[in-house]
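Inside the fold
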Amino acid sequence: MKKTLMMFALGAAVSLLAMTTAQAADCKIGISMKTLDAPYFAAQEVSAKKHAEELGCEVISVDGQNDLNKQVADVEDMVAQGIGALIINPRDSKGLVPAINAATAAGVKVFVIDSTIDPQANFVTLVQSSNSQNGLLVGQWLADATKGKELKIALISGDKGNEVGQERRLGVLAGLTEGQLRNEGRAHFTVVGQGWGGWTNEGGLKAMEDLLTANPDVNVVLGENDSMVLGAQKALEQASKGDVMFLAAADGQKEALQAIKDGKYGATGLNDPALVAATAVDLAKKALDGTLPADISKITYTTPTAITKDNVDTYLKKDAVF
């Protein structure tokens, strides 16, 4: 009797293992990150991998190390290993097109995340937050928070010619204009200068130092991401300048969220790397299961949100990677 029970348990375990292996074989997802040398992208990779494994999928994850040629080779290698779906944050919007098209031609379902991709690429959908809609909400919040005040804005941008940065700043300025028109019947703000911070904390600090020298009466700092604004804060602290409103068009970096909670930072747009990645994984699983709608849009946006002191507790996770 005891031997029979042991044989039954062993058989059940073997069957369970076979089922798990078969499930993983049915769902094999490749994750190709352009780089992991930044908290934002590291958070995306962690979330995508964790969520795919939670769904019972086998995962191959590769770091492109900010090298286009390596990322192309990574994609080719994962396709050769038999992935059914690919989630990719591309290093170059044009340079990855041939590799993505070859993967799709091989039957792989390709999902692009966060970064834009050239329209000639053959992929299922691009998952990202809406830069313009997030910016619009942040700008409207600024209009409500500063009614009647003449705003002198120092604008800190990422890189010249960057489309994402342009969408973000124009979204905020459009929201500010609309909010002031709604509240006061006129738009009255001045962008006193634009600095280039290269998306980094150190770059934001240097850009703010230069802007402050030429515009000591600045009372609003608007950045295209949180990291640069946090750097700008340091510059203003070192200059002993107070009474300045800080806000970013996007990200939701945990240090910025803590500053919002502490009343030292106004608002930022929700660009949650974990949410973007997990959404792409959900869509990839549906594609592999055959349940993804055939008419899915080429761009899938997460819900736009302005994070302020009123709702920051919903998004602040102190143990988050980003």
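This one's a predicted model, so the numbers in the text were calculated from it and none came from an experiment.

Moving on, we get to the overall build of the protein chain. Scanning the protein chain for helices and strands turns up 11 helices and 12 strands. Projected onto its principal axes, the C-alpha coordinates of the protein chain cover approximately 85 × 50 × 35 Å. In the protein chain, buried positions account for 49% of the 322 residues. For the protein chain, the proportion of contacts with a sequence separation of at least 24, taken over those separated by at least 6, is 73%. Separation of charge centres in the protein chain, based on 30 positive and 39 negative side chains, amounts to 4 Å.

In a pair of packed helices, the angle between the axes and the distance between the axes together describe the arrangement. At their nearest, the axes of helix α5 (residues 131-145) and helix α6 (residues 163-184) sit 6 Å apart, and the two run at 35° to each other. Every pair of crossing elements has a handedness; the one defined by α5 and α6 is right-handed. For the contact of α5 with α6, the per-class residue count stands at eight nonpolar, 10 polar and five charged.

So, on to the packing of aromatic side chains. The full count for this structure, using the stated rule, is two aromatic pairs. A centroid spacing of 5.6 Å and a plane angle of 90° characterise the contact between Tyr40 and Phe41, whose relative ring orientation is edge-to-face. You'll find Tyr40 and Phe41 in the same group, each marked buried. Within the aromatic cluster, the residues linked to one another by ring pairs are Tyr40, Phe41 and Phe322. The side chain of Lys298 reaches across the aromatic face of Phe123, ending 4.3 Å from its centre.

This paragraph deals with unusual backbone geometry. For Gln65, which is not glycine, the phi dihedral falls at a positive 55°. Position of Gln65 among the secondary structure elements: in the loop between β2 (58-63) and α3 (68-80).

So, on to the sheet that holds strand β9 (residues 245-248). With respect to topology, four strands assemble into an open sheet ordered β7-β6-β8-β9, the strand pairing being parallel. Each edge of the open sheet is held by one strand with a lone partner, namely β7 (189-196) and β9. The mean angle between the axes of side-by-side strands here comes to 20°, regardless of whether they run parallel or antiparallel. Looking at chain direction, strand β8 (residues 220-223) and β9 are connected through four bridges and run parallel. Bridging across to β9, Gly223 finds its partner in Ala248. In the packing of α6 onto the sheet, the strands contacted are β6 (151-157), β7 and β8, and the crossing angle to β7 comes to about 170°.

Formed by 27 residues in total, the largest nonpolar core has its most connected members in Ile156, Met208, Val221, Leu236, Phe246 and Tyr265. Elements supplying a minimum of two residues to this core: β6, α7 (201-214), α8 (226-238), β9 and α9 (254-261). Sort the elements by how many residues they give to this core and α8 lands first, with six residues. Excluding residues within four positions of it along the chain, Val221 makes contact with Ala154, Ile156, Met208, Ala232, Leu236, Val244, Met245, Phe246 and Leu247. Counting residues in hydrophobic clusters, the runner-up holds 26 residues, among them Ala52, Val127, Val276 and Ala280.

This next bit is on α9. For α9, the set of buried residues is Ala256, Leu257, Ala259 and Ile260. Projected down its long axis, α9 carries its buried residues within an arc of 160°, all on one side. Turning to α9, the residues buried within the fold contact α8, β10 (268-269), β12 (306-307) and α11 (312-315). Following α9 by one or two positions, Gly263 has its phi on the positive side, about 80°.

The next thing to look at is the confidence of the model for the protein chain. Averaged over the protein chain, the pLDDT score is 92; the fraction of residues at 70 or greater is 92%. This stretch, residues 1-24, has a pLDDT under 50; its non-local contacts, to residues over four places away or in other chains, come to four contacts.

We now examine the environment of Ala250. Relative to the helices and strands, Ala250 is located in the loop between β9 and α9. Take Ala250: its relative accessible area is 1%, and that puts it in the buried class. C-alpha of Ala250 to C-alpha of Val138: the two residues are 112 residues apart in sequence and 8.7 Å apart in space. Among residues more than four places away in sequence, those in contact with Ala250 are Arg168, Glu224, Asn225, Asp226, Thr268, Gly269 and Asn271.

Definitions and limits used
Residues numbered from 1 in each chain as written. Predicted model: local features only at pLDDT ≥ 70, side-chain atom pairs only at ≥ 80, totals over all residues. Heavy atoms only, no water. Helix = DSSP H or I, 4+ residues; strand = E, 2+ residues; numbered from the N terminus. Buried < 20%, exposed > 50% of the residue type's maximum accessible area, 1.4 Å probe, protein only. Contact = heavy atoms within 4.5 Å. Lys, Arg positive; Asp, Glu negative; His and termini not counted. Charge placed at Lys NZ, Arg CZ, Asp CG, Glu CD. Axes fitted to C-alpha atoms, helices over the stretch in contact; angles between N-to-C directions. Left-handed = near helix turned anticlockwise from the far one by under 90°. Nonpolar A, V, L, I, M, F, W, Y, C, P; charged D, E, K, R; others polar. Phe/Tyr/Trp six-rings, centres within 6.5 Å; stacked < 30°, edge-to-face > 60°. Lys NZ or Arg CZ within 6 Å of the ring centre and 35° of its normal. Pairing = 2+ DSSP bridges. Core = buried A, V, L, I, M, F, W, Y, C linked by side-chain atoms within 4.5 Å. Arc of directions from axis to C-beta. pLDDT = per-residue confidence, 0-100.

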